[in-house]
Amino acid sequence: MTDLISPELAVPEPSDLAGQPYAYQRSELVEPDWTRLPGWKDVTAEEWRSVQWQRSHCVKNVKQLRDVMGDLLEERVYEDLTRDQAERATMSMLIPPQMLNTIVPNGAADYTEAFYADPVRRYMLPVFTDRRTDWPSHPHATRDSLHEHEMWATEGLTHRYPTKVLAEVLPTCPQYCGHCTRMDLVGNSTPVIDKLKFVAKPQTRIDDMLDYLRRSPGVRDVVVSGGDVANMPWPRLEAFLTSLLEIENIRDIRLATKALMGMPQHWLSDDVRAGVERVATVARQRGVMIAMHTHVNAAQSVTPLVAEATKAMFEAGLRDVRNQGVLMRGVNDSIPQLLDLCFALLDGATITPYYFYMCDMIPFSEHWRVSVKDAQHLQHGILGYLPGFATPRIVCDVPYVGKRWVHQLSEYDEVRGISYWKKNYRTGIEQQDPEALNRTYEYYDPIDTLPVEGQQWWTEHAGTSLAEAESRAQASREAAEAQKLLPLI
């Protein structure tokens, strides 16, 4: 019988697929050679795997960075970094060896230029020349850009969504990202940001959180965060998780830790692995799902140690490990960069890509932020390549609203860069507000991404002075301080 298969139905040869906009190619994970860096040339593999060594050798200032990098970097890099720390940085410097080792992971002939261009460097070690000088901060930038403090049910417990709460159990991390959305609270104060401090003692705050959850049967989901739970001594964290598991209405617990990538040695520690297994065993017996959420923004950060730590968490009994990245210019704002990252997570470490958040409107973040229009383009561009369950949603965390898929906006003025959003639930501060579900809430694109007409409009209506942005930031802080004085209910 004659083969009548038409040419258009013929199975393409592999070479025929090369014309796709993105060409998938699986890559093996590699742990960069840390001995290429002068300050670590004698560090052994045993030392590198030690969480104690990692913690004690974190880079916290320019001098320590110079000690590690030696003469690989030109002096102008250190001067650039020093000026940023003095004039712009909202987070103090703190980067573990594991993360620093993934910057320029393969070395370079011109190390200084490669260092400047590196995506991990761009958000972990921002320099002054990264920042915009025309609009360093958006006129509507605020320190607590998501207004989480206003929604504290108890100190550190944000009740923004109807069935979910965020428990900020501590204000520190093993590493500080330059773009941290909780820059008002997390980490050490910087020359430009005097950080808000918790008032209650740590155990009192934990007890208050648990008491509120016991009295709130409508809450079923707790994100345990901070800060980073990897900085909480494991016995204290285990005690808190065990107490959560005793509350009948709690059915989902999510552990938020960038340290799964930034310091996987912590989660590979024998005592931590054993503790996770104990907690996961109780959760499984009670039908509660425990997952881990990490924060990876660049494919080069996914190394064999990250994959090993993730595997350890699955073996200990966690239900899932998911990634919540942040979309940033110069870091992951192209379709190939996003897909490379997603496949590195999924193929290399069995971490599920979950969300990419648009960078929040904190002070001095305009060089990182992307427009809603560009975020929509990126969401469109990554569809169809990944499994549906592992195709991350790109979301805009709209002030007083929460996470909204970037295509979910109600209106969009692309000239002035103002998007308008609605919501289908009341936050914890709107229970008596009859208009909360009817009004629109605004989000603002970076002004430098707008057409000339839009930039001129902002110049006329908002001014370009840094003083104005700093004044708004100060007002945000004063509101947060005032909130602390109110009775918690």
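Quick notes on the rules
Residues numbered from 1 in each chain as written. Predicted model: local features only at pLDDT ≥ 70, side-chain atom pairs only at ≥ 80, totals over all residues. Heavy atoms only, no water. Helix = DSSP H or I, 4+ residues; strand = E, 2+ residues; numbered from the N terminus. Rg over C-alpha atoms; globule rule 2.2 N^0.38 Å. Buried < 20%, exposed > 50% of the residue type's maximum accessible area, 1.4 Å probe, protein only. Contact = heavy atoms within 4.5 Å. Areas by Shrake-Rupley, 256 points an atom, 1.4 Å probe, with all protein chains shown as cover. Lys, Arg positive; Asp, Glu negative; His and termini not counted. Charge placed at Lys NZ, Arg CZ, Asp CG, Glu CD. Pairing = 2+ DSSP bridges. Axes fitted to C-alpha atoms, helices over the stretch in contact; angles between N-to-C directions. pLDDT = per-residue confidence, 0-100. Polar contact = N/O pair within 3.5 Å; in protein donor to acceptor, adjacent residues only side chain to side chain. Expected span 1.5 Å × (residues − 1). Domains from an automatic or database assignment. Buried area = accessible area lost by both parts, 1.4 Å probe. Salt bridge = Lys/Arg side-chain N within 4 Å of Asp/Glu carboxyl O. Nonpolar A, V, L, I, M, F, W, Y, C, P; charged D, E, K, R; others polar. Parallel < 35°, antiparallel > 145°, perpendicular 65-115°, else oblique. Left-handed = near helix turned anticlockwise from the far one by under 90°. Arc of directions from axis to C-beta.

The chain is annotated in an unreviewed UniProt entry as Lysine 2,3-aminomutase of Kribbella sandramycini.

### Brief notes about the overall build of the chain
A count of helical and extended segments in the chain gives 17 helices and 13 strands. On C-alpha atoms alone, the chain measures out to a radius of gyration of 23 Å, which is about the 23 Å that the 2.2 N^0.38 rule sets for 489 residues. The C-alpha extent of the chain, read off along each of the three principal axes, is 75 × 70 × 60 Å. A buried classification covers 57% of the 489 residues belonging to the chain. Considering only contacts in the chain between residues 6 or more positions apart, those separated by 24 or more positions represent 77%. For the chain, the exposed surface amounts to about 21,000 Å²; the carbon and sulfur share of it is 52%. On the chain, the mean spot of the 51 positive side-chain charges and the mean spot of the 67 negative ones are 6 Å from each other.

### Points about the sheet that holds strand β13 (residues 441-444)
Taken in spatial order, the three strands line up as β11-β12-β13 in an open sheet, and their pairing is antiparallel. At either end of the open sheet lies a strand with only one pairing partner, and these are β11 (411-413) and β13. Adjacent strand axes in the sheet meet at a mean angle of 20 degrees when their direction is disregarded. Relative to strand β12 (residues 418-421), β11 runs antiparallel, the two being bridged by three bridges. If you follow Tyr-412 over to β12, its bridge partner there is Ser-419. Running at roughly 120 degrees to β11, helix α15 (residues 372-382) makes contact with β11, β12 and β13 of the sheet.

### Digging into the confidence of the model for the chain
For residues with low pLDDT, the predicted coordinates do not support detailed interpretation. Residues of the chain with pLDDT of at least 70 account for 91%, and the chain-wide mean is 92. Throughout residues 1-5 the model reports pLDDT below 50, and contacts reaching past four residues in sequence, or to other chains, amount to one contact.

### With respect to the side chain of Gln-324
By secondary structure assignment, the location of Gln-324 is in strand β7 (residues 320-327). Separated by 3.2 Å, the side chains of Gln-324 and His-293 make a polar contact. Those residues within four positions of Gln-324 in sequence are excluded, and the remaining contacts are His-293, Thr-294, His-295, Tyr-354, Tyr-355 and Tyr-357.

### A word on helix α13 (residues 304-316)
Because the α-helix completes a turn every 3.6 residues, residues three or four places apart line up on one side. Given a rise of 1.5 Å per residue, 13 residues ought to cover 18 Å, and the 18 Å separating the end C-alpha atoms of α13 matches this to within 8%. Residues Leu-305, Val-306, Ala-307, Ala-309, Thr-310, Ala-312, Met-313 and Ala-316 constitute the buried set of α13. Residue Gly-317 follows α13 closely and has a positive phi angle near 115 degrees.

### Details of the domain arrangement of the chain
When cut into domains, the chain gives domain 1 (34-130) and domain 2 (149-479). Each partner contributes to the interface: domain 1 provides 31 residues, whereas domain 2 provides 44 residues. For the pair domain 1 and domain 2, the summed buried surface comes to about 3,000 Å²; carbon and sulfur atoms form 59% of the total. The largest per-residue losses of area from domain 1 upon contact with domain 2 belong to Thr-90, Met-91 and Tyr-123, which jointly make up 25% of the total buried on that side. For the pair domain 1 and domain 2, the number of links is one salt bridge. For Arg-49, the salt bridge is made with Glu-308, and the minimal N-O distance between the two is 2.8 Å. Along the contact surface separating domain 1 from domain 2 lie 16 residue pairs in polar contact (both at pLDDT 80 or more). Secondary-structure elements contributing two or more residues to the side of domain 1 that touches domain 2 are α2 (51-56), α4 (75-87), α5 (97-100) and α7 (119-124). The biggest single contributor to the side of domain 1 that touches domain 2 is α7, with five residues. Partitioning the side of domain 1 that touches domain 2 into residue classes produces 17 nonpolar, seven polar and seven charged.

### Description of the packing of helix α8 (residues 202-214) against helix α9 (residues 234-245)
Where α8 meets α9, the closest approach of the two axes is 11 Å, and the angle between their N-to-C directions is 15 degrees. By the angle class used here, α8 and α9 are roughly parallel. At the point where α8 passes α9, the crossing takes the right-handed sense. Residues Pro-202, Ile-206, Leu-210 and Leu-213 of α8 touch α9, and the partners they reach there are Arg-236, Phe-240, Ser-243 and Leu-244. Of the residues that constitute the contact of α8 with α9, the class distribution is six nonpolar, one polar and one charged.

### Comments concerning the side chain of His-367
If you trace the backbone, His-367 turns up in the loop between β8 (352-358) and α15. The contacts of His-367, once residues within four sequence positions are left out, are Asp-130, Arg-131, Arg-132 and Arg-329.

### Some points on α8
The terminal C-alpha atoms of α8 lie 19 Å apart, and with 13 residues this matches the ideal 18 Å at 1.5 Å per residue to within 8%. Residues of α8 that are buried: Arg-205, Ile-206, Met-209, Leu-210, Tyr-212 and Leu-213. Projected down its long axis, α8 shows its buried positions confined to an angular sector of 160 degrees, all on one face. At its buried positions, α8 is contacted by β1 (152-154), β2 (157-161), β3 (164-168), β4 (221-225) and α9.

### Some points on the environment of Ile-394
Along the chain, Ile-394 turns up in strand β9 (residues 393-398). Through-space distance from the C-alpha of Ile-394 to that of Arg-49 is 34 Å; in sequence the pair is 345 residues apart. Setting aside residues up to four positions removed in sequence, Ile-394 forms contacts with Leu-327, Leu-338, Phe-356, Ala-375, Leu-378, Gln-379, Arg-404, Trp-405 and Val-406.

### Some thoughts on the sheet that holds β4
Overall, mixed pairing links the ten strands, which are arranged β1-β2-β3-β4-β5-β6-β7-β8-β9-β10 in an open sheet. At either margin of the open sheet sits one strand with a lone partner, and together these are β1 and β10 (402-405). With strand direction ignored, the average angle separating the axes of adjacent strands in the sheet is 30 degrees.

### Some thoughts on the pattern of salt bridges
For the structure on display, the rule yields 28 salt bridges. Note that Arg-66 and Glu-75 form a salt bridge whose closest N and O atoms lie 2.7 Å from each other. Its relative accessible area of 39% is what places Glu-75 among the partly exposed residues. What emerges from the salt-bridge pattern is a single network uniting Arg-132, Asp-134, Arg-329 and Asp-448.

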